[in-house]
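Descriptive analysis of the structure
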Amino acid sequence: MSAARRKRSGAPERVPVAKTYKLYVGGAFVRSESGQTSRQTDPEGRFVANVSKASRKDFRDAVRAARAAQGGWARKSAFNRSQILFRIAETLEDRRSLFEHTLVEQGGFAAAEAAAEVSSAVDRVFWYAGWADKFTQVLGNVNPVASPFFNFSMPEPMGVVVLLPSLRSPLVGLVSAILPAIVSGNTVVALVDGELLTPALDLGEAIATSDVPGGVVNILTGRHAELLPHAAAHMDVDAVGLWSADVGMRTALQTAAADNVKRVRVHDDPERAAWRDPAAESLYRIDEFVEIKTAWHPIGT
Amino acid sequence: MSYVLPPVPSVDQVAVEQRAAAFTKRSIKTSAKKAALAFTVRMIDLTTLEGADTPGKVLRLCRKAMRPALDPQVPSVAAVCVYPTMVGVALRELAGSGVKVASVATAFPSGQSFLDVRLDEVRRTVELGADEIDMVINRGAWLAGDVARVHDEIASIKQACGPAHLKVILETGELGTYDQVRKASQVAMDAGADFIKTSTGKVSPAATLPVTLVMLEAIRDHFHATGRVVGMKPAGGIRTAKQAWQYLVMVKETLGDAWLTPDRFRLGASSLLNDVLLQWERARTGHYESVRSLSDD
């Protein structure tokens, strides 16, 4: 019933229930420990929603959740991980109207571009999910050695990976950062910044209903400049991925990350159309967040 | 003459819970935080009570108890708490360190064995050299209403302890109400307990702030009535430094500074120490430390 008709019929005006966008940490939706929020506005600057703004302590909690979840996630069979990641694609497809609506209303996307963005995000998830039980064969190797050993190299997850994804591509840029990291058994803390934050937290809700164990993916909305120093210096973070051409940020990250020899992966942040291009998906994004373990097994003479 | 429980004031549940909740809303920062962390370490009974305990594990725990971190500013813990069969290992390792050896006797954690068996266990554990005995009360008798039996058993175990200090575990998670906790505290103190302790750690809920507050008030009233000092040991479920100093503040505000010493207050815990060490490193270096840099027992 439309508001106008309801008014005519004498029924009381309905009070809409507005959504507060909360952080996704350890499988739960939490407000920021700091109580801070940022305002999500539409392209005309009109208020749309309050979005929790993550603090240093929220980041600490998210790393703790990611660490706790990492062993169990990595121990799942590769096939099981791929099934779970496929499920994210299914859930995203199911919610495409929500994402399209948000991209159009809050992000100022044209309808066709919003549809392309969501399709591309679903396809991206699907593509990486398929790699779960295949990347070890491609990135691993049997090495020819001149002694009586069977020598082979295997990729293994690094552990807890912090991601500072694209500021330009609110959905595809985010899944393109998260998926290649978790497919190998890492757990991630994604620090999402930019003009449009709500799709990231909607993605968290899709992931939460996709059988992904709590803590495998943690999504915090906040300011990169504020959170990066803590991410770079945290001793329980194994790797950091940054998508930004900002030289100051890159330098700060690499300097602070040296303390516990974190792996640092920096990339440029292309225009959002380029993010949707299939050329943006690559096995080497998976390779970035694995360590290679080489074993020498005696085979006799 | 059989023991009769003296009149014990009833507990106002709402007031106790509100008062306890107030302790969770304070924040401690910078230098006060560092002092609180060191203070917490000094109060810890570092505990391992698993079927899978081995001499090797107890040995590692003892070394950690004596020197929890590389930083010499981190003090030793108060005591190591182990099963009776591990007392010998702990004593050898801790000799001369000032860290005490506590042991759980009396058919821990259920207490469901014959009195003579439990008394024998206590005597043998003390003979081995344990400084402190953590006993469990007979909850079967307590819940059946046999208060005198509970009292007399504690009294005879106190006697069997000889020079060793006796901590009496009420297992508050099985007592049901704050009134029962208050009464059981009274009985344990009347029977000669040196410490009263909330829980074995094997039953949930274990230590909570409200239950500890009820017990602290019982200790305070007992002290005013008799002049006898009884210590307090919350145990089980205290895993973070933040929780630990909530207990410390509560002790200070209920019993005063006199109780803020390892002779009168202990925290029974295992994973708490690691969290304290993580916070310590954070305070010292300014960045978050990794759990992987600490031993996991």
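Up top is the structure these notes are about.
All of these numbers come straight from a predicted model, not from anything done at the bench.

Another point: the packing of aromatic side chains. Counted under the stated rule, the structure contains eight aromatic pairs over all chains. Between Phe149(A) and Trp296(A) the ring centres are 5.7 Å apart and the planes differ by 80°, which places this aromatic pair in the edge-to-face class. Here the residue Phe149(A) occupies a position in strand S6 (residues 149–157), and Trp296(A) occupies one in strand S12 (residues 290–298), the gap between them amounting to 147 residues. With a relative accessible area of 33%, Phe149(A) lands in the partly exposed category. Each member of the aromatic cluster is reached from another via a ring pair, and the members are Trp127(A), Tyr128(A) and Trp131(A). Note that Arg272(A) overlies the ring of Phe109(A), its terminal NZ or CZ placed 3.7 Å from the centroid. When the ring centre of Tyr288(B) is taken as reference, the NZ or CZ atom of Arg282(B) above it lies at 4.4 Å.

To continue, consider the environment of Arg272(A). Residue and element names in this part refer to chain A. For Arg-272, the position within the fold is in helix H11 (residues 272–276). The exposure class assigned to Arg-272 is partly exposed, which follows from its relative accessible area of 26%. Beyond its immediate chain neighbours, meaning those up to four positions away, Arg-272 contacts Phe-109, Glu-113, Arg-168 and Ser-169. Polar side-chain contacts of Arg-272 include one of 2.9 Å to the side chain of Glu-113.

Next up on the list: the sheet that holds strand S5 (residues 141–143) of chain A. Residues and elements named next belong to chain A. Strand order in the open sheet formed by three strands is S5-S6-S12, and the pairing between neighbours is antiparallel. Two strands lie at the open edges of the sheet, namely S5 and S12, each paired on one side alone. In this sheet, adjacent strand axes meet at a mean angle of 25° when their direction is disregarded. One ladder, built from nine bridges, connects S6 with S12; its direction is antiparallel. Residue pairing in the sheet places Ser-153 in a bridge with Thr-294 of S12.

Attention shifts here to the nonpolar core. Counting residues in hydrophobic clusters, the biggest one holds 87 residues, and the most contacted among them are Ile133(B), Ile154(B), Val168(B) and Ile196(B). Apart from residues lying up to four places away in sequence, Ile154(B) is in contact with Met135(B), Ile137(B), Leu166(B), Val168(B), Ala188(B) and Ala191(B). With 59 residues, the next largest nonpolar core counts Phe135(A), Val161(A), Val188(A) and Val212(A) among its residues.

On to the pattern of salt bridges. This structure, assessed with the given rule, holds 46 salt bridges over all chains. Among the salt bridges present, the one from Arg46(A) reaches Asp42(A), with a minimum N-O distance of 3.0 Å. Using a relative accessible area of 11% as the deciding quantity, one classes Asp42(A) as buried. Notably, a salt bridge pairs Glu226(A) with Lys53(A), separated by 3.7 Å at the nearest N-O pair. Of the two residues, Glu226(A) is situated in helix H9 (residues 224–233) and Lys53(A) in the loop between strand S4 (47–52) and helix H2 (56–75); the sequence distance between them amounts to 173 residues. Overall, Lys53(A) belongs to the buried group, its relative accessible area being 17%. Connected through salt bridges with shared partners, the residues Asp45(B), Glu132(B), Asp134(B), Lys167(B), Lys197(B), Lys233(B) and Arg266(B) form a single ionic network.

Looking now at the side chain of Gln186(B). All names here are of chain B. Counting through the fold element by element, Gln-186 comes out in helix H8 (residues 178–190). Gln-186 sits in the buried class, given a relative accessible area of 13%. Not counting residues up to four positions away in its chain, the partners in contact with Gln-186 are Tyr-3, Leu-5, Pro-6, Val-8 and His-222.

This brings us to a nonpolar patch on the surface. Among the surface-exposed residues, Val142(A), Phe150(A) and Ile299(A) lie close enough to one another that they form a single nonpolar patch of about 290 Å² accessible area. Topologically, Phe150(A) is positioned in strand S6.

For the structure shown, the criterion picks out zero disulfides over all chains. Left unpaired, Cys62(B) is separated from the closest cysteine sulfur, that of Cys81(B), by 11 Å.

This part covers the interface of chain A and chain B. At the interface, eleven residues of chain A touch ten residues of chain B. In total, chain A and chain B occlude about 990 Å² of area from one another, counting both sides; carbon and sulfur atoms represent 45% of this. Among the residues chain A hides against chain B, the three largest losses belong to Arg56(A), Arg60(A) and Met235(A). Together they make up 41% of the total. Here chain A is connected to chain B by two salt bridges. Across the salt bridge formed by Asp236(A) and Arg292(B), the nearest N and O atoms sit 3.3 Å from each other.

What counts, and at which threshold
- Residues numbered from 1 in each chain as written.
- Chains lettered and ligands numbered in written order.
- Predicted model: local features only at pLDDT ≥ 70, side-chain atom pairs only at ≥ 80, totals over all residues.
- Heavy atoms only, no water.
- Phe/Tyr/Trp six-rings, centres within 6.5 Å; stacked < 30°, edge-to-face > 60°.
- Helix = DSSP H or I, 4+ residues; strand = E, 2+ residues; numbered from the N terminus.
- Buried < 20%, exposed > 50% of the residue type's maximum accessible area, 1.4 Å probe, protein only.
- Lys NZ or Arg CZ within 6 Å of the ring centre and 35° of its normal.
- Contact = heavy atoms within 4.5 Å.
- Polar contact = N/O pair within 3.5 Å; in protein donor to acceptor, adjacent residues only side chain to side chain.
- Pairing = 2+ DSSP bridges.
- Axes fitted to C-alpha atoms, helices over the stretch in contact; angles between N-to-C directions.
- Core = buried A, V, L, I, M, F, W, Y, C linked by side-chain atoms within 4.5 Å.
- Salt bridge = Lys/Arg side-chain N within 4 Å of Asp/Glu carboxyl O.
- Patch = residues over 30% accessible without salt bridge, like charges linked within 9 Å, V, L, I, M, F, W, Y side chains within 5 Å.
- Areas by Shrake-Rupley, 256 points an atom, 1.4 Å probe, with all protein chains shown as cover.
- Disulfide = S-S within 2.5 Å.
- Buried area = accessible area lost by both parts, 1.4 Å probe.

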